[in-house]
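Topology and contacts: notes
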Amino acid sequence: MASATQCAGMNLMDQCNQSGSSPESVLLHAAAQLASARQTGNRLDALPCNGASLSLEQGFEIQRHVGVLAGKKVGGWKCALPKPGKWIVAPIYTDSIVRCDQYPLSVATSKVRIEPELACVLGADLPARAAPYTVEDVTRSISQVHLALEVIDCRYTDPQKVPFEQLLADGLFNHGLVLGPRAISLNSNNLPAHLDVTLSHPGVEPKNIAGTHPDQDPISPIVWLANFLSARGIDLQAGQVVITGSYAGVLEVPTHQPLDIQFGEAGSLSVFFSTLEE
């Protein structure tokens, strides 16, 4: 195998040519490392042979392998409109979607990071097909809109030092999802660009945030997602949940305290984050 020094500056194909490995075996090895990190709670400094640069497509392929190797079922997706050099797309696994007000964490911690979002529940399949999906296709497929919190974490020791493609491989910080109650008076035809968020927990003044959706239109990212997945032979399925961005950025909240998050006039979500040790 090539040394870390030899790997520096190489793309994946160069590394494979030098080491005698196939690109597929390198991607599978990286996926196995991430799957193990998810299962054990251990963190990685980076994927194997960090100097090799992945493409976005290879990062996404590793992401797909991780779920298979970890025995996970896809229960939803996070997405946003793509940015230069970035695809914002990652699965949310069924066993990490919590539909009650108790969210157990696997490690002892006094803080957890969350993102307040609206979650669209699909009532109809959007299978892979040749014809592109339209806004109307996606709007018709959404049966419910729920209040939600994305729970943020990753499998790297210091994500600031990891290239975006490796973050993509790991699922772009998704740790789980709190799926709250249905949003009051909201459906796929009237999802707001702006939604005020108020965070309340005992002992401190409520925090009020004038929330704005990062892509302004919460439906456009789902249209992009449907067509991105369709081009790769991946179906969106009825019952899956799709989130498209936080109205309040990333919030750090305490564990072991009752929390209430008010989403403007759309309703409120209550949750209690605790550790499994308790």
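Residues numbered from 1 in each chain as written. Predicted model: local features only at pLDDT ≥ 70, side-chain atom pairs only at ≥ 80, totals over all residues. Heavy atoms only, no water.

Under the annotation held in an unreviewed UniProt entry, the chain carries the name 2-keto-4-pentenoate hydratase and is attributed to Pseudomonas brassicae. Recorded in UniProt for the chain, the comment headed Sequence similarities (unreviewed entry) runs: "Belongs to the hydratase/decarboxylase family." (UniProt positions renumbered as here; feature names shortened; annotations may be inferred.)

**Observations concerning the overall build of the chain**
Of the regular secondary structure elements, the chain holds seven helices and 13 strands. Within the chain, buried positions represent 50% of all 278 residues. Once local pairs closer than 6 in sequence are excluded, the contacts in the chain between residues at least 24 apart make up 74%. Carbon and sulfur atoms make up 52% of the accessible area of the chain, which amounts to about 12,500 Å² in all. (Helix = DSSP H or I, 4+ residues; strand = E, 2+ residues; numbered from the N terminus. Buried < 20%, exposed > 50% of the residue type's maximum accessible area, 1.4 Å probe, protein only. Contact = heavy atoms within 4.5 Å. Areas by Shrake-Rupley, 256 points an atom, 1.4 Å probe, with all protein chains shown as cover.)

**Comments concerning helix H7 (residues 220-230)**
Summarising burial for H7: nine of the 11 residues are buried, a large majority. Within the sequence span of H7, burial applies to Pro221, Ile222, Val223, Trp224, Leu225, Ala226, Phe228, Leu229 and Ser230.

**A short note on the sheet that holds strand S12 (residues 258-263)**
The pairing of strands in a sheet comes from backbone hydrogen bonds and takes either a parallel or an antiparallel form. Strand order in the open sheet formed by five strands is S4-S13-S12-S8-S9, with mixed pairing between adjacent strands. Where the open sheet ends on each side, the last strands, each with one partner, are strand S4 (102-105) and strand S9 (207-209). Between one strand axis and the next, the sheet turns by 20° as a mean value, whatever way the strands run. Relative to S12, strand S8 (residues 197-200) runs antiparallel, the two being bridged by four bridges. Bridged to Leu199 within S12 is Ile261. (Pairing = 2+ DSSP bridges. Axes fitted to C-alpha atoms, helices over the stretch in contact; angles between N-to-C directions.)

**A few points about the environment of Val271**
Note on placement: Val271 falls in strand S13 (residues 268-275). On the basis of relative accessibility, which here comes to 3%, the residue Val271 falls in the buried class. Separated by 15 residues in sequence, Val271 and His256 place their C-alpha atoms 9.9 Å apart. In this view, Val271 contacts Asp101, Tyr103, Leu149, Val178, Gln257, Pro258, Leu259 and Ile261; residues no more than four positions away in its chain are not counted.

**Section: the environment of Ala130**
Tracing the backbone shows Ala130 in the loop between strand S5 (111-122) and helix H5 (135-141). Exposure remark for Ala130: the relative accessible area of 83% places this residue in the exposed category.

**A closer look at the pattern of salt bridges**
One pass over the structure, following the stated rule, counts eight salt bridges. Residue Arg129 pairs with Asp137 through a salt bridge whose shortest N-O separation is 2.9 Å. Judged by its relative accessible area of 17%, Asp137 is buried. A single network of salt bridges, built from pairs that share partners, joins Arg129, Asp137 and Arg140. (Salt bridge = Lys/Arg side-chain N within 4 Å of Asp/Glu carboxyl O.)

**Notes on the nonpolar core**
Among the nonpolar cores identified, the biggest contains 76 residues, and Leu47, Phe60, Ile62, Val89, Leu225, Val271 and Phe273 are the most heavily contacted of them. A per-element tally of this core places H7 first, with seven residues. Among the nonpolar cores identified, the runner-up in size contains nine residues, and Leu177, Leu179, Val241 and Ile243 belong to it. (Core = buried A, V, L, I, M, F, W, Y, C linked by side-chain atoms within 4.5 Å.)

**Structural notes on the packing of aromatic side chains**
Scanning the entire structure with this criterion turns up four aromatic pairs. With a centroid separation of 5.1 Å and an interplanar angle of 70°, the aromatic rings of Trp87 and Phe228 are classed as edge-to-face. With a gap of 141 residues between them, Trp87 in the loop between strand S1 (74-79) and strand S2 (89-93) and Phe228 in helix H7 connect regions that are remote in the sequence. The pair formed by Trp87 and Phe228 is uniform in burial state, with each residue classed as buried. Geometrically, the ring pair formed by Tyr103 and Phe273 is tilted, given 5.4 Å between the ring centres and 55° between the ring planes. (Phe/Tyr/Trp six-rings, centres within 6.5 Å; stacked < 30°, edge-to-face > 60°.)

**Observations regarding the confidence of the model for the chain**
For the chain, per-residue confidence averages 90 on the pLDDT scale, and 90% of positions sit at 70 or higher. Under a pLDDT of 50 for its full length, residues 1-9 has, in the predicted model, 12 contacts with residues more than four places off or in other chains. (pLDDT = per-residue confidence, 0-100.)

**Some remarks on the environment of Pro127**
Mapping Pro127 onto the fold places it in the loop between S5 and H5. By relative accessible area, which is 37% here, Pro127 ends up partly exposed. Excluding residues within four positions of it along the chain, Pro127 makes contact with Tyr133, Ser230, Asp235 and Leu236.

**Observations regarding the state of the cysteines**
Evaluation of the coordinates by the stated rule reveals zero disulfides. Sulfur of Cys120: no disulfide; nearest cysteine sulfur belongs to Cys79 and is 9.0 Å away. Judged by relative accessible area, which is 3%, Cys120 ranks as buried. (Disulfide = S-S within 2.5 Å.)

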